[in-house]
Amino acid sequence: MITSYNQLFDNNKKWVEQTTQANPDFFNDLANGQSPKFLWIGCSDSRVPANEITGTKPGDIFVHRNIANMVIHTDMSMLSVLDYSVNVLGVKHIIVCGHYGCGGVLTAMGHKQVGLIDNWLRHIKDVYRLHQDELNAIDDPHKRADRLVELNVQEQVRDLAKTTIVQNAWQNGQALQVHGIVYDIKNGILQDLGVTIDDTTYVEDVYRFETTQLA
Ligand code: CO
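Residues numbered from 1 in each chain as written. Predicted model: local features only at pLDDT ≥ 70, side-chain atom pairs only at ≥ 80, totals over all residues. Heavy atoms only, no water.

Participant: Before we move on, can you summarise helix H1 (residues 5–22) with the specific residues and values?
Facilitator: Helical geometry note: an α-helix holds 3.6 residues per turn, so side chains three or four residues apart project in the same direction. Taking 1.5 Å as the rise per residue, H1 with 18 residues should run 26 Å; its terminal C-alpha atoms sit 27 Å apart, in good agreement. The backbone nitrogen of asparagine 6 lies 3.3 Å from a side-chain oxygen of the residue at the head of H1, namely serine 4. (Helix = DSSP H or I, 4+ residues; strand = E, 2+ residues; numbered from the N terminus. Expected span 1.5 Å × (residues − 1). Polar contact = N/O pair within 3.5 Å; in protein donor to acceptor, adjacent residues only side chain to side chain.)

Participant: Before we move on, could you go through the domain arrangement of the chain and cite the residues and values that matter?
Facilitator: Often the size quoted for an interface is simply the accessible area lost on bringing the parts together. According to the domain assignment, the chain contains domain 1 (1–32) and domain 2 (34–200). The C-alpha centroid of domain 2 is placed 29 Å from the C-alpha centroid of domain 1. (Domains from an automatic or database assignment.)

Participant: Run through the pattern of salt bridges, naming residues and quoting values.
Facilitator: This model, assessed by the stated rule, comprises five salt bridges. Arginine 129 is the salt-bridge partner of aspartate 126, the closest N and O atoms lying 3.9 Å from each other. Of this pair, aspartate 126 and arginine 129 both sit in helix H6 (residues 117–130), three residues apart, which is roughly one turn of the helix. With a relative accessible area of 28%, aspartate 126 lands in the partly exposed category. (Salt bridge = Lys/Arg side-chain N within 4 Å of Asp/Glu carboxyl O. Buried < 20%, exposed > 50% of the residue type's maximum accessible area, 1.4 Å probe, protein only.)

Participant: Give a description of the side chain of histidine 64 that names residues and reports values.
Facilitator: Along the chain, histidine 64 falls in strand S2 (residues 61–66). Assessed through its relative accessible area of 7%, histidine 64 is described here as buried. Among the polar contacts made by the side chain of histidine 64, one reaches the side chain of asparagine 66 at a distance of 3.4 Å. Each residue touching histidine 64, except ones within four places of it in the same chain, is listed here: Leu39, Trp40, Ile41, Gly42, Asp75, Ser77, Met78 and Val81. (Contact = heavy atoms within 4.5 Å.)

What follows is the structure, given as structure tokens:
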């Protein structure tokens, strides 16, 4: 584990040398622009780095991370990333990635005050309430937490589909899939949760917007 600040710059120098050696055009190419096919919405947890666990490189994935990989519809940062990636970069896939052992989810299941973050984590308590019958029926607290991690991802996928940004993209015929996946920090395995959507089938009527006619 790296603990020294200066070591970051030593490592960077080595990385630039190795990368340039392997591909002399690497940085020139990236400097000309980006056209990632993926938007990644993941947890800020230091153990879940989008590029590293997917074997991808700079330029491949547009990334937004926050505590517990949440899609909060008043979060200007998330909405700006979503709008830019869908409407300017034209990503084909949005991936919500949760992870087992997520501190945010575990805290949301408890009753302790942590501070400001209690308000952020309340959105996860809302997910728990939506699925409380299923969750309360799971006796093992670890299994219950794992299931909440999965259900939280599923709800964030559906929350993306409630945004005008995603609905307009679909209505305008843009090929855009929204996926939910989960990462296991114990073994490094990524798993698709089978909750992919590419239309408003799972969006309850009250959240559906009329088509906005392009002038
Ligand atoms: Co987490």
